[in-house]
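One-letter residues, chain by chain:
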Amino acid sequence: MPLDPQVEAMRAEREASQVPQLYTQTLAEARAADLASIKAAGGEVEPVHHVEDLTTDGGVPLRVYRPDLTGPMPTLIYFFGGGWTLGSIETADGISRKLANAVPCQVIAVGYRLAPEHPFPAAVHDCHDAAQWIAANADKLQVDAARLVVGGDSAGGNLAAATTLLARSNGPALAGQLLVYPNTRYGSDTISMRKGDDPYLFNKTSVNWYWNHYLDEPSDGLNPLASPLLAESHADLPPALVITAEFDPLRDEGEFYAEKLHAADVPTTLSRYDGMVHGFFAMSGILDGGKKAMAEASAWLAEIFRDA
């Protein structure tokens, strides 16, 4: 299929305005531009009944989004995207608010450390530590520990997958994983990666730029906590929803991961959005595809929480 008309219009605007790629900017410039772009495309900021900033005992920042429910509540632990290099809790603010209201469930966004200041595996350990702390403090946080799901988009999806690998042996017990166009394999040479060279969209140069910031050494990319596709076993992981975009360099590795999970008898739903590009999940303010994906994620989460 061709690019979705709304995506094509967005791309044409970027080309006409000569919007610079994030990888051509300084880190400070790229971080500011990334947040501004996400806020502009995310649509109206939804009010949530209760929003609170906290910090784990280990110093990891959290933001709690609590709808008008009585606890203990089903809870999604959400990891923001940004190639492990950009992003913050603010990056995931719009997504967290929408999911909290739509499911409804409590959403806790995790402010893990960024590379290159804190390279792999700092972000993975922050995310897993935060999940363990949230489960251990379930009563205080009004969390139903039997209904705890991890999720994230892009690098956040990668971190969610890595967290499930750690949690399988070290807890906490997880009821599901929401993986939105996740990175799953360092150095991927897939069809979607080879075709991902559009200079006005997220492309393979973007992917390499992020990995180069994240990894101290290329050999670190072979670690399953960096490349979950390389895990020796994917058995006994929580049920998954994997969302991919047709025109995303990461499409194939996300879909390969869904296949790995399915082959390991993990209940897995794979949903590819034709005509969409990387980042569309955070663009529900301007892309109908983003709205549909948000609705699908919300419905899947509601079902997972019901079943748990």
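Below is a summary of the structure that appears in this document. Just so we're clear, the structure is a prediction, and the values are computed from it rather than from any experiment.

The next point concerns the sheet that holds strand S5 (residues 143–153). Strand order in the open sheet made by the eight strands is S1-S2-S4-S3-S5-S6-S7-S8, with mixed pairing throughout. Two strands lie at the open edges of the sheet, namely strand S1 (50–55) and strand S8 (268–277), each paired on one side alone. Each strand of the sheet is rotated relative to its neighbour by a mean of 20°, with strand direction disregarded. Taken strand by strand, helix H3 (residues 93–102) contacts S1, strand S2 (61–66), strand S3 (73–79), strand S4 (106–110) and S5, and its axis lies near 35° from that of S2.

The subject of this paragraph is the pattern of salt bridges. In the structure shown here, the tally under the stated rule is 13 salt bridges. Residue Arg113 pairs with Asp126 through a salt bridge whose shortest N-O separation is 2.9 Å. In this pair, Arg113 is assigned in the loop between S4 and helix H4 (122–136) and Asp126 in helix H4, connecting sequence segments 13 residues apart. Arg113 gets classed as partly exposed once you look at its relative accessible area, which sits at 38%. Salt bridges sharing partners connect three or more residues here, namely Asp53, Arg63, Glu90, Asp93 and Arg97.

Moving on, we get to the pairing of S5. Where burial is concerned, most of S5 is hidden: eight out of the 11 residues are buried. Across six bridges, S3 lies against S5 in parallel orientation. Directly across from Tyr78, in S5, lies its bridge partner Gly151. Taken together, the five bridges between S5 and strand S6 (residues 176–180) define a ladder with parallel strand orientation. The residue bridging Val149 from the neighbouring strand is Gly176, located in S6. For the handedness criterion, the β-α-β arrangement of S5, helix H6 (residues 155–170) and S6 is classed as right-handed.

Formed by 100 residues in total, the largest nonpolar core has its most connected members in Tyr214 and Phe281. Apart from residues no more than four positions distant in its own chain, Phe281 is found in contact with Tyr78, Ile95, Val180, Tyr181, Ile243, Ala293, Met294 and Ala297.

Within S6, five of the five residues are buried, which leaves it mostly tucked inside the rest of the structure. Burial along S6 is two-sided: the residues Gly176, Leu178 and Val180 and Gln177 and Leu179 are all buried. When S6 meets strand S7 (residues 240–247), the two strands line up parallel, connected through four bridges. Bridge pairing in S7 links Gln177 to Ala240.

Here the focus is unusual backbone geometry. Of the consecutive residues Ala115 and Pro116, the connecting peptide bond is found in the cis state with omega at 5°. For Pro116, the location among the structural elements is in the loop between S4 and H4. Omega for the peptide link from Phe120 to Pro121 comes to 10°, which places this bond in the cis form. Structurally, Pro121 can be placed in the loop between S4 and H4. A positive phi angle, close to 50°, is found at Gln18, a residue other than glycine. Inspection of the secondary structure assignment puts Gln18 in the loop between helix H1 (5–17) and helix H2 (27–41).

Scanning the model with the defined rule gives 10 aromatic pairs in all. Here the aromatic rings of Trp209 and Tyr210 are separated by 5.2 Å at their centres, their planes lie at 70°, and the arrangement is edge-to-face. Of the two residues, Trp209 and Tyr210, both sit in the buried class. These aromatic residues form a ring-pair network of at least three members: Trp84, Phe120, Tyr186, Trp211 and Tyr214.

If you check H4, its first and last C-alpha atoms are 21 Å apart, about what 15 residues at 1.5 Å a residue would give, namely 21 Å. The complete set of buried residues in H4 reads Ala122, Ala123, Val124, Asp126, Cys127, His128, Ala130, Ala131, Trp133 and Ile134.

Turning to helix H8 (residues 204–214), a few remarks are in order. Where H8 is concerned, the buried positions are Ser206, Val207, Trp209, Tyr210, Trp211, His213 and Tyr214. Among the structural elements, H2, H4, H6 and helix H7 (191–195) are those in contact with the buried residues of H8. For H8, the N-terminal cap is Asn203; the gap from its side-chain oxygen to the backbone nitrogen of Thr205 is 3.0 Å.

Before going further, it helps to spend a moment on the packing of H4 against H6. Two numbers describe how H4 lies on H6: the axes approach to 9 Å, and their chain directions differ by 55°. What the angle tells us is that H4 and H6 run oblique. In the crossing of H4 with H6, the sense of the turn from one axis to the other is right-handed. Between H4, through Ala123, Val124, His125, Cys127, His128, Ala131 and Gln132, and H6, the contact on the second element is made entirely by Leu159, Ala162, Thr163, Leu166, Ala167 and Asn170. Of the residues in the contact of H4 with H6, the class split is eight nonpolar, five polar and no charged.

About the criteria used
- Residues numbered from 1 in each chain as written.
- Predicted model: local features only at pLDDT ≥ 70, side-chain atom pairs only at ≥ 80, totals over all residues.
- Heavy atoms only, no water.
- Pairing = 2+ DSSP bridges.
- Helix = DSSP H or I, 4+ residues; strand = E, 2+ residues; numbered from the N terminus.
- Axes fitted to C-alpha atoms, helices over the stretch in contact; angles between N-to-C directions.
- Contact = heavy atoms within 4.5 Å.
- Salt bridge = Lys/Arg side-chain N within 4 Å of Asp/Glu carboxyl O.
- Buried < 20%, exposed > 50% of the residue type's maximum accessible area, 1.4 Å probe, protein only.
- Right-handed = clockwise from strand over helix to strand, strands pointing away.
- Core = buried A, V, L, I, M, F, W, Y, C linked by side-chain atoms within 4.5 Å.
- Phe/Tyr/Trp six-rings, centres within 6.5 Å; stacked < 30°, edge-to-face > 60°.
- Expected span 1.5 Å × (residues − 1).
- Polar contact = N/O pair within 3.5 Å; in protein donor to acceptor, adjacent residues only side chain to side chain.
- Parallel < 35°, antiparallel > 145°, perpendicular 65-115°, else oblique.
- Left-handed = near helix turned anticlockwise from the far one by under 90°.
- Nonpolar A, V, L, I, M, F, W, Y, C, P; charged D, E, K, R; others polar.

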